[in-house]
Amino acid sequence: MTLSDLPAGIDAIVDFVQDRVPGDAIARRLRDLGFVSGEVVRLLTRGPLGGDPLLVQVGFTRFAMRGAEAARVQLRHRDG
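Residues numbered from 1 in each chain as written. Predicted model: local features only at pLDDT ≥ 70, side-chain atom pairs only at ≥ 80, totals over all residues. Heavy atoms only, no water.

Trainee: Give a detailed account of the overall build of the protein chain, specifying residues and quantitative values.
Mentor: Summing up its helical and strand segments, the protein chain has two helices and five strands in all. N-terminal to C-terminal, the α/β element order of the protein chain is β-α-β-β-β-α-β. A compact globule built from 80 residues would reach a C-alpha radius of gyration of about 12 Å, and the protein chain, at 12 Å, matches this within 12%. Structurally, the protein chain occupies a C-alpha span of about 30 × 30 × 20 Å along its principal axes. Per-residue burial over the protein chain gives 36% buried out of 80 residues. Intrachain contacts of the protein chain at a sequence separation of at least 6 include 62% that bridge at least 24 residues. For the protein chain, the accessible surface area stands at approximately 4,700 Å², while carbon and sulfur atoms represent 53% of it. Of the charged side chains in the protein chain, 11 are positive and 10 negative, and the gap between their average positions amounts to 3 Å. (Helix = DSSP H or I, 4+ residues; strand = E, 2+ residues; numbered from the N terminus. Rg over C-alpha atoms; globule rule 2.2 N^0.38 Å. Buried < 20%, exposed > 50% of the residue type's maximum accessible area, 1.4 Å probe, protein only. Contact = heavy atoms within 4.5 Å. Areas by Shrake-Rupley, 256 points an atom, 1.4 Å probe, with all protein chains shown as cover. Lys, Arg positive; Asp, Glu negative; His and termini not counted. Charge placed at Lys NZ, Arg CZ, Asp CG, Glu CD.)

Right, here's the structure in full:
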């Protein structure tokens, strides 16, 4: 599952951030912002009509991001 597919209000765990091209600057920036393996992430809400932007929380930090960026973040279900 990707972050862009995550239902609002559900916690998940970051598995990895997918590089779309070699040296993907967006994927690298997402990792720099804290989207790293093992971090808890939650989709708080979506923009108008269920689209962009997405309001996402990783750790104690909130980000507004596009769905195309969120689709790079691969997730796994949170146990418990």
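What follows picks up the thread again.
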